[in-house]
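Observations on the model geometry
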Amino acid sequence: MSNFAFLQPEWPLLFEAATQAEGMANTDARASCFYSRRALELTVAWLYTYDKTLKLPYQDHLSALIHEPTFRKATGDAVFTKTKLIKDLGNLAVHSTRKIMPADALTATRELFHVCYWLARTYGKKSRPDPSLNFSTALLPQPSAAPAQSPKQLQTIDQLQKL
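Our subject in this report is the structure included herewith. This one's a predicted model, so the numbers in the text were calculated from it and none came from an experiment.

A full pass over the atoms with the stated rule returns 6 salt bridges. For K84, the salt bridge is made with D88, and the minimal N-O distance between the two is 3.3 Å. Placement of the pair is K84 and D88 together in helix 4 (residues 69-95), with a separation of 4 residues, close to one helical turn. K84 gets classed as partly exposed once you look at its relative accessible area, which sits at 33%. Overlapping salt bridges, with partners in common, bring together K82, R110 and E111 in one network.

Here we come to helix 1 (residues 12-24). Between its first and last C-alpha atoms helix 1 spans 18 Å; for 13 residues at 1.5 Å apiece the expected length is 18 Å, and the two agree. Those residues of helix 1 that fall on the buried side of the exposure criterion are L14, F15, A17, A18, A21 and E22. Along its buried surface, helix 1 packs onto helix 2 (29-50) and helix 5 (102-123).

Looking now at the side chain of D51. Considering the arrangement of structural elements, one finds D51 in the loop between helix 2 and helix 3 (62-67). Lacking a salt bridge, the buried D51 has K55 as its closest oppositely charged neighbour, with an N-O distance of 8.2 Å. One polar contact links D51 to T53, side chain to side chain, over a distance of 2.5 Å. Apart from residues no more than four positions distant in its own chain, D51 is found in contact with A74 and Y123.

Orientation of helix 4 relative to helix 5, taken along the N-to-C sense of each, is 145 degrees, at an axis distance of 9 Å. Pair helix 4 / helix 5 crosses with left-handed handedness. Of the residues in helix 5, those touching helix 4 at A74, T75, V79, K82, T83, L85, I86 and L89 are D104, T107, A108, E111, L112, H114, V115 and W118. Its residues assigned to classes, the contact of helix 4 with helix 5 comprises 9 nonpolar, 4 polar and 3 charged.

This brings us to the packing of aromatic side chains. Taken as a whole and assessed by the stated rule, the structure comprises 11 aromatic pairs. Judged by centre distance (6.3 Å) and plane angle (80 degrees), the rings of F6 and Y117 are edge-to-face. Of the two residues, F6 is situated in the segment before helix 1 and Y117 in helix 5; the sequence distance between them amounts to 111 residues. As far as burial versus exposure is concerned, F6 and Y117 are alike and both buried. Three or more aromatic residues joined by ring pairs form one cluster here, namely F4, F6, F113, Y117 and F135. For the cation-ring pair, R72 lies above F80, with the distance from its terminal atom to the ring centre recorded as 3.8 Å.

The rules behind the values
- Residues numbered from 1 in each chain as written.
- Predicted model: local features only at pLDDT ≥ 70, side-chain atom pairs only at ≥ 80, totals over all residues.
- Heavy atoms only, no water.
- Salt bridge = Lys/Arg side-chain N within 4 Å of Asp/Glu carboxyl O.
- Helix = DSSP H or I, 4+ residues; strand = E, 2+ residues; numbered from the N terminus.
- Buried < 20%, exposed > 50% of the residue type's maximum accessible area, 1.4 Å probe, protein only.
- Expected span 1.5 Å × (residues − 1).
- Contact = heavy atoms within 4.5 Å.
- Lys, Arg positive; Asp, Glu negative; His and termini not counted.
- Polar contact = N/O pair within 3.5 Å; in protein donor to acceptor, adjacent residues only side chain to side chain.
- Axes fitted to C-alpha atoms, helices over the stretch in contact; angles between N-to-C directions.
- Left-handed = near helix turned anticlockwise from the far one by under 90°.
- Nonpolar A, V, L, I, M, F, W, Y, C, P; charged D, E, K, R; others polar.
- Phe/Tyr/Trp six-rings, centres within 6.5 Å; stacked < 30°, edge-to-face > 60°.
- Lys NZ or Arg CZ within 6 Å of the ring centre and 35° of its normal.

Below, the structure is given as structure tokens:
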């Protein structure tokens, strides 16, 4: 079971990225933050494609997209703050040599859950998650002996996904 199961019917690509972030939260904090940011990018891209009230900003990178006034208005302060935090943790994971702590991965994954929950409650057509649904750390896979990914490996993955 996944915290993000509610995404699977309408947003399978987002579900895949979110469950990758969730699956690594206790095993590879750096990769978890990276995949949280990736899932956020998919969410924002979906919003700009399907919500015609959103105006594309002067640039199409994630920071410009989430800081665009129509995006901030549509999401509200709470969701905007969560998107900014996920973006920042993902950028640190990819571009910094600073150790990414397990608490960072937990934060990114939890905030991603809230952003995705908002998306599904606001835009879902087939089904919407239950209003009482909450993020559960008990659903996060437990640590394993899988090797952590380096910033260089994540930068390579990031570049390949942009092709």
